[in-house]
Amino acid sequence: MIPFEYIRPSGQKAALDAIAKDASAQFIAGGTNLVDLMKKGVVSPQKLIDIGKLPLKEIKEANTGLHIGALALNSDVAENEIVKTKYSLLSQALYAGASAQLRNMATVGGNIMQRTRCTYFYDTTMPCNKRKPGSGCGALKGYNRMHAIFGASENCIAVHPSDMCVALTALNATILVSNNKGERKIPFGEFHRLPGDHPETDNTLQKGELITAIIIPENNLQHSCYLKIRDRASYAFALVSVAAALEIADGKTKDVRLAMGGVAHKPWRLTDAEKFLKGKPATENNFQQAAQIAIKGAKGYGNNNFKIKLASAAITEALNKAAGKA
Amino acid sequence: MGNHFFDKATMPAGQDRVDGRAKVTGTARFAAEHPVPELTYGVLVCSTITKGHIKSLDTKAAEKAAGVLAVLSHLNSPKVPGFDPPKPANKDEKPRAWDGLKVFYSDKIYFNGQPIAVVVADTYERALYAATLVKAEYIKEPHQTDFNANIKQAASPKGGGDDYTRGEANAWKKAPVTLEAEYIVPFEVHNPMELHAIIAVWEAEDKITVYDKTQGPKDTQQSIMQAFNLPEKNVQVVTEYVGGAFGSALRTWPHEIAAMLAAKKVNKPVKLVLGRDNMFTLVGYRPYTIQKIGLGATEDGKLTGITHTAISQTSSYEEFTEGAVGVSKFLYACPNVNTSYKLIPLDIGTPTWMRGPGEATGCFALESALDELSYKLNIDPVELRLRNYAETDPQRNLPWSSKYLKECYQMGAEKIGWFQRNRNPRSMQEDGMLVGYGMSTGVFGAFRWNATAKGIFHADGTLTVQSAVSDMGPGTSTSMVNIASEAFGLPHDKIKFELGSSSLPPGPTQGGSGTTSTLGSAVHEVCVELTNQLKQLALSAGNSPFKNAKPEGLAVENGNVLLVADRNIKMSYVDILKQHNKPELEFMKESNAGEEQKKYSMYSYSVHFTKLHVHPSTGVITIKKVVTAGDAGKIVSEKTARSQMIGGVTGGIGMALTEEGIIDHRYGRYVNNNLADYHVPVNADVPEIEALFVNRPDPYLNPMGAKGMGEIALIGYAASVANAVYHATGKRIRDLPITLDKIIS
Amino acid sequence: MNTQKPRQASENGSDGFNASRRDFLKLSSAVAAASITPSVVTKAADKKVDERIADYFEKMTLNIEVNGTAQQLQVEPRVTLLDLLREQLHLTGTKKGCDHGQCGACTVHADGKRINSCLSLAIMNEGKKITTIEGLAKGEELHPVQQAFIKHDGFQCGYCTPGQIMSAVSCIREGHANSAGEIREFMSGNICRCGAYPNIVDAIMDVKKGGQDV
């Protein structure tokens, strides 16, 4: 690891001032992703601004929904009684991610900001447009079992690795960000971006901005399932994952939320499938049709071709499980 | 022989590990953990190309970086005499060539990840950082890492292939029922949890101590003696605890020599710990192997022909072979068997034995094929194996020293409910899941080599037993204490087994499931001799209670010599020493394997049964229950034996379902060289595993009647999963690992 | 070797000092640094002094409690908690298995929570209470989980064991040891290559059933 400076600002304002002053600086909180990337030489910030002790850990209900501080630990959110009862999808997704130890370190903000786990991104001797723009995409014609089937470009077929973000996308969460001039809100679905011609940019957060909280609106999605399919039973990134949440009244889906992980550069919302299911009976047959709609336009790159079929099976299974039919 | 002393009621049921406390308190010291004054840190710089030459190496920035003591490469490395052995004086004698890669020897690159330099600094962080400052330029040459693209290069090994014919070659083709299939075992990486590590300390110009991760302290000592042309007394290898290895620490690797060179250069102790990524490239792996099996049988399931061929790979600079096709020569009674074994040299590091070695590869193919044949014949897979049971060794035409494989089939089948299942593929369901049952056989030679042990009985009533071995996990110390306790007649807590240093009496390298048999024999013989001496001393003691008794009339028990005719008449060991004014009683002996190995064929056996679930649409496989039955002779240490079987199955679960090292052939570089992308099983992958033992002694192998266990625990296991997946789904997967994409495609 | 009082972590967000330190480190020789810190550099005649300057600027003060002992240490920010424990405090019970949060061998408790010490910079643990495997037993008396691991043979080589035990203690404390299935899932962050998982599960179940205070 290169030598770097480390500061621990006493408050949010000091932190925002510090980052505004120094473009090469990065915030660090849990460190589970950033320290890893620094060890591998993938990123080499000259300065770390440790925000771990800022008072942004609170989880509280407000009239706008559930506010979760950006520094709340993944484990604390997963264990939270309100989250477990009213936002179970989020709790399930968090438990599906990483390990108990990592969840005790990783923060909500850091989870949102985590980088792809693409092996070509991680190996600094390999080409990767995300790490080194213009160097090419190693995965495109390389080993791409873990890679995207939706929304990729010739420049990058990496996927966003988070489970939590898939649930937050489905739950229509909003991200609250601040800089030293003020505050703004970003709808979750607009936070992460597709690679296009600029895979080096993961998201729409601007320089000098800090995620301070997420807000999840209240919902009536009493049936939910986060299904994660991976190469071993636990402690592995998703091949595909599905966040499915349903509000069912009189046997019909009144509200439905569907999103996938492990399939795109961002948490992948299945809006067409949602539209199809809305108002229809919550039956396995309809779920299967929704799954077929969801995978329209999916594209494999060789090793990951199987993900298309797997995605369809996983969507059906997750909906079945959510609706209590599996 | 035939002294099966564990038949006595005193067998230690479930003795805890003697080193358990050290391991649960964190005081057990592994290689990198020895406190050494003035320690410095070495970090390797490794090649980023796969084949070619180093054009230039810029080490200036690294050398200038804070805390850096030296940057060592082929440009400035001290010479390793063993790399260029002098010609022997006698013309007929061949010089002893160096095995393996010669580190920092030339500018030549043989594989991606080859060490090209080592940076030494006063702290780990500084060394790590400075290593990133070393810049290499290369002249690249085209490389070959793709097995399948080079399959035409396959040739018989120079050291001799495994070409074998019994009866008629390819006789299977003429049989009424035939099967031919191809099976693939991919690159698998040992990945013990402890990273390979070494601390090299030059005590003098020509004298070195290394704290090293090795399965054989004496082997490593020999390598260092050869490398640096040093006498035995000037090389000490310390390896108190070994954090797993599974074969990866069976030989001396380039990083070990690199650390010794670095320590020489900076004239200070150097600690060098590999990164997890180096564990894929620098310490061996299970080679990629394609096998073809042809089976022929009569309608009633008698095998008439087996053909088993394998193509495996080695490195471009060294030949590695293993016995992949050997199992087909003797596991089943079959008149016509032929085998062949070929190698492809690739631009990758040299493979090495990984748990179960070639037999694990071979049994996956043979035991999958048997299962396939059983469905063709409509005969239960267990029944098919029984119909072809080899009552004597068909390869060597010798009797087995012992074989309780039938008992394994029976015990395992009963425990898992084998005969209650519906035999038809894709016929069983449970909770919406497809249910599959599968079984397979494993076999591995039961060995005994030479070993020396020393026993010292002290005046305080304790016994110390010593030998230069290491224990990578099976529980060697515990087993040896058990053996000594029985043979010497002393409770466990009064016995200490000392290992982990090359300066102890020469013990065996821990590998090939031979440690308990080999070393146990030495420990047993030493302890028996010590009791004989105690008996003699008891008879000649001034106050001996054994008037007119003969040694044959005496026995030992619980620290006493006693009269068989009247067990109340006894004399304690401590008293015996006191009467003779002896501070201690010491005996050392080399124990040699007997002639029995020539008269009998000796093998350990295992039978694995697996019950699993397959999700019908996603293909997710969940192993629900495993029963493994072993014929490992007499069980010397019940608790550690059970753990070893469970552990082997866990490794087998990885081999079956998750493990595959993947190289991007465009770059010749691993793309999953870490524990997040190379999936070894986690706790949630492993269900309840029942380990059963026939627990009957082998009468010929050694005085304990114990056969080996480490390999059979894993050998064959992967086939039981493949067979269960077929039973669950009707889909036959012949290339490992069985990932869900292969199920749903 | 560093006798001067090192800096405290900047508490007010002002990085004036850090900026000059950065500049300083960018200069390759002590002579070139003369304009910044002349009094120090005049003595910087050899590499040793150069080293001392580098040390001085690279290290920061860390207040940390390890196994009940409060310590004030000087560490470089890039030192991980794992390397601090193993290389500087010689608490080698905490193991390095992957160095990337992928195996769990480095598990310790930070303020009572299990974490991977390899992904935590030591300096980030300012003011925290760290417990390692060496701090688990009460003197000679083993912790119930340690005892249960011996009884159930929850290990073979013993390398992953300290991490497994620290994780197991947390697993019980967190309330995630209610069934074999739950234990398997919540212990999946600790890889055991020897394959002692079933015994580890048995050991945890045993302690949980025994209801001992963990």
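Predicted model only: the values in this text are computed from it and were never measured.

J.: Explain the overall build of chain C to me, please; I cannot follow it from the model alone.
T.: Counting secondary structure elements, chain C contains eight helices and five strands. Taken from the N to the C terminus, the helices and strands of chain C come in the order α-α-α-β-β-α-β-β-β-α-α-α-α. Across chain C, contacts joining residues at least 24 apart in sequence account for 53% of those joining residues at least 6 apart. Accessible surface, chain C as shown: approximately 7900 Å² in total, 51% of it carbon and sulfur.

J.: Explain the overall build of chain A here, please?
T.: If you tally the helices and strands in chain A, you get 13 helices and 12 strands. Dimensions of chain A, computed from the C-alpha atoms along their principal axes, are close to 60 × 50 × 35 Å. A burial count over chain A gives 65% of its 326 residues as buried. Contacts in chain A between residues far apart in sequence, at least 24 positions, make up 63% of those at least 6 positions apart. With an accessible surface of roughly 11300 Å², chain A has 50% of that area assigned to carbon and sulfur atoms. Averaging the positions of the 41 positive and the 28 negative side-chain charges in chain A gives two centres separated by 3 Å.

J.: Help me understand the interface of chain B and chain C, please; the structure alone is not making it clear to me.
T.: Reports of interface size often rely on the accessible area that becomes lost once the parts have come together. Contacts between chain B and chain C engage 63 residues on the former and 53 residues on the latter. Taken over both partners, the interface formed by chain B and chain C buries close to 4600 Å², and the fraction arising from carbon and sulfur atoms is 52%. Of all residues in chain B, Val24, Met193 and Asn683 of chain B bury the most surface against chain C, accounting for 17% of the area lost on that side. Counting the contacts that link chain B with chain C gives 25 residue pairs in polar contact (both at pLDDT 80 or more). Elements represented by at least two residues in the side of chain B that touches chain C include exactly helix 1 (20–25), helix 3 (124–133), helix 14 (638–658) and strand 29 (688–693) of chain B. Looking at which element gives the most residues to the side of chain B that touches chain C, the answer is helix 14 of chain B, with eight residues. Looking at the side of chain B that touches chain C residue by residue, the class counts come to 30 nonpolar, 17 polar and 16 charged.

J.: Just checking my understanding: could you explain the side chain of Arg732 of chain B for this structure?
T.: Residues and elements named next belong to chain B. Locating Arg732 in the fold gives a position in the loop between helix 15 (717–729) and helix 16 (740–744). A distance of 2.7 Å separates the side chain of Arg732 from the side chain of Asp371, its partner in a polar contact. Here Asn723 takes part through its side chain, which lies 2.8 Å from a polar atom of the side chain of Arg732. If near-sequence neighbours (up to four positions away) are discounted, Arg732 is found in contact with Ser368, Asp371, Glu372, Tyr375, Ala722, Asn723 and Tyr726.

J.: Teacher, can you tell me more about the confidence of the model for chain C here?
T.: In low-pLDDT segments, the atomic positions of the prediction should not be examined closely. This prediction gives chain C a mean pLDDT of 84; 75% of its residues lie at or above 70. Both scores are given for the predicted complex: the pTM is 0.95, the ipTM 0.97.

J.: Explanation requested: the interface of chain A and chain B in the structure shown.
T.: Between chain A and chain B, the residue contacts involve 30 residues of the former and 26 residues of the latter. When chain A packs against chain B, the two sides together hide about 2400 Å² of surface, and 62% of this comes from carbon and sulfur. If you sort the residues of chain A by the area they bury against chain B, Tyr143, Asp231 and Arg232 of chain A come out on top, with a joint share of 22%. Where chain A meets chain B, there are two salt bridges. Two residues, Asp741 of chain B and Arg145 of chain A, come together in a salt bridge whose shortest N-O distance is 3.0 Å.

J.: So what exactly am I meant to see when it comes to helix 10 (residues 476–488) of chain B here?
T.: In an α-helix there are 3.6 residues to a turn, and that puts residues three or four apart on one side. Residue and element names in this part refer to chain B. Here helix 10 contains 13 residues, and its C-alpha end-to-end distance of 18 Å stays within 8% of the 18 Å for a straight helix at 1.5 Å per residue. Burial analysis of helix 10 places 13 of its 13 residues in the buried class, which makes it a mostly covered element. In the stretch just after helix 10, Gly489 is the one whose phi turns positive, near 70°.

J.: Explanation requested: the nonpolar core in the structure shown.
T.: Nonpolar side chains in soluble globular proteins tend to be buried together. Core analysis: the largest hydrophobic core is formed by 243 residues, its most contacted members being Ile68, Leu90 and Ile112 of chain A together with Leu295 and Ile738 of chain B. In terms of residue count, helix 7 (residues 357–377) of chain B provides more of this core than any other element does, nine residues in total. Aside from chain neighbours lying at most four places away, what touches Ile738 of chain B is Ile621, Ala656, Leu657, Val721, Ala722, Val725, Ile733 and Ile743 of chain B. Counting 41 residues, the second largest nonpolar core, distinct from the first, contains Val80, Val235, Met260 and Leu282 of chain B.

J.: Honestly, helix 5 (residues 144–151) of chain C in this entry has me stumped. Any pointers?
T.: Within helix 5 of chain C, six of the eight residues are buried, which leaves it mostly tucked inside the rest of the structure. What helix 5 of chain C keeps buried is the set Pro144, Val145, Gln146, Ala148, Phe149 and Ile150 of chain C. For helix 5 of chain C, the elements touching its buried residues are helix 1 and helix 14 of chain B together with helix 6 (161–173) and helix 8 (197–210) of chain C. Downstream of helix 5 of chain C by a residue or two, Asp153 of chain C has a phi angle that is positive, lying close to 55°.

J.: Explain the packing of helix 5 of chain C against helix 8 of chain C to me, please; I cannot follow it from the model alone.
T.: How two helices pack is summed up by the angle between their axes together with the distance between the axes. Residues and elements named next belong to chain C. Their axes nearest at 8 Å, the elements helix 5 and helix 8 cross at an angle of 135°. Taken together, the axis directions place helix 5 and helix 8 in an arrangement best described as oblique. Two packed elements cross with a definite hand, and for helix 5 against helix 8 that hand is right-handed. Each of Pro144, Val145, Ala148, Phe149 and Lys151 in helix 5 lies in contact with helix 8, whose residues at this interface are Ile200, Ala203, Asp206 and Val207. Of the residues contributing to the contact of helix 5 with helix 8, the split by class is seven nonpolar, no polar and two charged.

J.: How should I be thinking about the sheet that holds strand 13 (residues 289–297) of chain B in this particular structure?
T.: Two pairing modes exist for strands in a sheet, parallel and antiparallel, and in both the strands are linked by backbone hydrogen bonds. Residue and element names in this part refer to chain B. Spatial ordering of the open sheet is given by 7-15-14-13-8, a layout of five strands whose pairing is mixed. Of all strands in the sheet, those bounded by a partner on one side alone are strand 7 (164–166) and strand 8 (177–185). Going across the sheet, the axis of each strand differs from the next one's by a mean of 10°, ignoring polarity. Across the sheet, helix 7 is in contact with strand 8, strand 13 and strand 14 (303–315); its angle to strand 8 comes to roughly 145°.

J.: Quick question: what am I supposed to make of the sheet that holds strand 22 (residues 560–563) of chain B here?
T.: Residue and element names in this part refer to chain B. One open sheet accounts for three strands, arranged 21-22-23; its pairing is antiparallel. Each end of this open sheet is capped by a strand with a single partner; those strands are strand 21 (554–557) and strand 23 (570–572). Mean inter-strand twist for the sheet, computed between neighbouring axes without regard to direction, equals 25°.

J.: What exactly am I supposed to notice about the packing of aromatic side chains here?
T.: The geometry of an aromatic ring pair comes down to the distance between the two centres and the angle between the two planes. Per the counting criterion, the structure on display carries 31 aromatic pairs over all chains. Both rings, one in Phe30 of chain B and one in Tyr159 of chain C, keep their centres 5.0 Å apart while their planes meet at 90°; by these two values the pair is edge-to-face. Of the two residues, Phe30 of chain B sits in the loop between helix 1 and strand 1 (40–46) while Tyr159 of chain C sits in the loop between helix 5 and helix 6, which places them in two different chains. Residue Phe30 of chain B shares its accessibility class with Tyr159 of chain C, and that shared class is buried. Seen in terms of ring centroids, Phe444 of chain B and Phe447 of chain B are 5.8 Å apart; in terms of plane orientation they differ by 80°. Their pairing is edge-to-face. Residue Phe447 of chain B is classed as partly exposed on the basis of its relative accessible area, which comes to 29%.

J.: It is not clear to me how the state of the cysteines should be interpreted in this structure. Could you clarify?
T.: Covalently bonding the sulfur atom of one cysteine to the sulfur atom of another cysteine gives a disulfide. Using the criterion set out here, one finds zero disulfides over all chains in the structure. Here Cys165 of chain A is not cross-linked by a disulfide; its sulfur's nearest cysteine counterpart is in Cys156 of chain A, at 16 Å. With no disulfide of its own, Cys103 of chain C lies closest to Cys98 of chain C among cysteine sulfurs, the gap being 3.8 Å.

J.: Looking at this model, I keep getting lost on the pairing of strand 19 (residues 463–466) of chain B. Mind explaining?
T.: Successive residues of a regular strand alternate their side chains across the two faces of the sheet. All names here are of chain B. Alternating residues of strand 19 divide into Leu463 and Val465 and Thr464 and Gln466, and every residue in both groups is buried. For strand 18 (residues 451–458) and strand 19, the ladder comprises four bridges, and the chain directions are antiparallel. Pairing of Ile456 across the sheet is with Thr464, part of strand 19. Here strand 18 folds back onto strand 19, and the loop between the two strands holds four residues, one of which, Gly461, carries a positive phi near 90°. Here strand 19 pairs with strand 20 (residues 495–498) via four bridges, running parallel. Counterpart to Gln466 in the pairing with strand 20 is Glu498.

Conventions and cut-offs
- Residues numbered from 1 in each chain as written.
- Chains lettered and ligands numbered in written order.
- Predicted model: local features only at pLDDT ≥ 70, side-chain atom pairs only at ≥ 80, totals over all residues.
- Heavy atoms only, no water.
- Helix = DSSP H or I, 4+ residues; strand = E, 2+ residues; numbered from the N terminus.
- Contact = heavy atoms within 4.5 Å.
- Areas by Shrake-Rupley, 256 points an atom, 1.4 Å probe, with all protein chains shown as cover.
- Buried < 20%, exposed > 50% of the residue type's maximum accessible area, 1.4 Å probe, protein only.
- Lys, Arg positive; Asp, Glu negative; His and termini not counted.
- Charge placed at Lys NZ, Arg CZ, Asp CG, Glu CD.
- Buried area = accessible area lost by both parts, 1.4 Å probe.
- Polar contact = N/O pair within 3.5 Å; in protein donor to acceptor, adjacent residues only side chain to side chain.
- Nonpolar A, V, L, I, M, F, W, Y, C, P; charged D, E, K, R; others polar.
- pLDDT = per-residue confidence, 0-100.
- Salt bridge = Lys/Arg side-chain N within 4 Å of Asp/Glu carboxyl O.
- Expected span 1.5 Å × (residues − 1).
- Core = buried A, V, L, I, M, F, W, Y, C linked by side-chain atoms within 4.5 Å.
- Axes fitted to C-alpha atoms, helices over the stretch in contact; angles between N-to-C directions.
- Parallel < 35°, antiparallel > 145°, perpendicular 65-115°, else oblique.
- Left-handed = near helix turned anticlockwise from the far one by under 90°.
- Pairing = 2+ DSSP bridges.
- Phe/Tyr/Trp six-rings, centres within 6.5 Å; stacked < 30°, edge-to-face > 60°.
- Disulfide = S-S within 2.5 Å.

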